[in-house]
Amino acid sequence: MDIGVISVRYARALLKNAIEAKLEDKVYNDMQTLAVSYIKVPELRFTIDNPMLSRGAKENLLLSAVGSSATPVTRSFIGVVLDNGREGMLQFIANSYITLYRKQKNIIRGKLTTATAVKPETEYKMRQMVESKTNGAVEFETEVNPDIIGGFILEYDTYRMDASIKNKLKTILTALSK
């Protein structure tokens, strides 16, 4: 069976259970923490996939990766995943849950890249603009990248606005080389 199909099925079941328990927001935070743990500690995946490691050790390791404030729904879900031998797919399940949750709550991810740090007011205005255009909540991330020289790059959903000096110089260079 396809990993994507399995991970989405488990994620849907988790979301349904979390909604019934009115803990979907907290489970969302748990799944984000777990997904970040898999990225920051690549050895986690290999350790969880190790058949020599006991179920209890895997459960303790996964609960540590989720954090000390894991919800009861998350704790029992990890147990179910381990009981069904699907621990190797938990990273995909966590990412699928995050995607399903964002879709259900109409949350858009946005990113603002600038050459220097921006004031909180500026970031707030950009977030408000994106929220007004998308009619949804925005998870906004800011990044400082001196390589763009000046200006900004705003990305959300499938939209990208590149108003950086680097891009403008590149456009001028392309026009001059024709």
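Cut-off values and rules
- Residues numbered from 1 in each chain as written.
- Predicted model: local features only at pLDDT ≥ 70, side-chain atom pairs only at ≥ 80, totals over all residues.
- Heavy atoms only, no water.
- Core = buried A, V, L, I, M, F, W, Y, C linked by side-chain atoms within 4.5 Å.
- Buried < 20%, exposed > 50% of the residue type's maximum accessible area, 1.4 Å probe, protein only.
- Helix = DSSP H or I, 4+ residues; strand = E, 2+ residues; numbered from the N terminus.
- Pairing = 2+ DSSP bridges.
- Axes fitted to C-alpha atoms, helices over the stretch in contact; angles between N-to-C directions.
- Parallel < 35°, antiparallel > 145°, perpendicular 65-115°, else oblique.
- Contact = heavy atoms within 4.5 Å.
- Nonpolar A, V, L, I, M, F, W, Y, C, P; charged D, E, K, R; others polar.
- Right-handed = clockwise from strand over helix to strand, strands pointing away.

K.L.:
A description of the nonpolar core should follow, citing residues and the corresponding values.
P.N.:
Nonpolar side chains tend to gather and get buried jointly when the protein is soluble and globular. M31, L34, L62, L90, I93 and Y97 are the most contacted members of the largest nonpolar core, which has 33 residues in total. Listing elements by their share of this core, those giving two or more residues are α1 (3-20), α2 (24-40), α3 (43-49), α4 (55-66), α5 (72-83) and α6 (90-105). For this core, the element with the most residues is α6, which contributes 7 residues. If you look at the next biggest cluster of nonpolar residues, it comprises 8 residues, including M126, V130, F140 and L154.

K.L.:
Which residues make up the sheet that holds strand β3 (residues 151-156), and what values go with them?
P.N.:
Pairing is mixed across the open sheet formed by 4 strands, whose spatial order is β2-β1-β3-β4. Because the sheet does not close on itself, it has two edges, and the strands there are β2 (137-144) and β4 (159-164). Each neighbouring strand pair of the sheet contributes to a mean axis angle of 15°, computed without reference to strand direction. One ladder, built from 8 bridges, connects strand β1 (residues 107-114) with β2; its direction is parallel. Bridging across to β2, R109 finds its partner in E139.

K.L.:
Requested: an account of the pairing of β4, with residues and values cited.
P.N.:
Pairing of β3 with β4, which is carried by 6 bridges, proceeds in the antiparallel orientation. When the sheet's bridge partners are listed, E155 is paired in β4 with R160. Between the end of β3 and the start of β4, which pair antiparallel, lie 2 residues, with D157 showing a positive phi angle near 50°.

K.L.:
Outline the packing of α2 against α4, listing residues and values.
P.N.:
Contact pair α2 / α4: the axes reach a minimum separation of 7 Å and the direction vectors enclose 105°. Between α2 and α4, the angle is such that the two are roughly perpendicular. Side by side, α2 and α4 meet where D30, T33, L34, S37 and Y38 of the first sit next to L62, A65 and V66 of the second. Its residues assigned to classes, the contact of α2 with α4 shows 5 nonpolar, 2 polar and 1 charged.

K.L.:
Can you lay out the pairing of β1 for me, pointing to particular residues and giving the numbers?
P.N.:
For β1, the buried fraction is high: 6 of the 8 residues fall into the buried class. Once the chain exits β1 it traverses helix α7 (residues 120-134) before rejoining the sheet at β2, and the crossover so formed is right-handed. Where β1 and β3 come together, 5 bridges link them in antiparallel fashion. Considered in β3, the bridge of T113 is made with I153.

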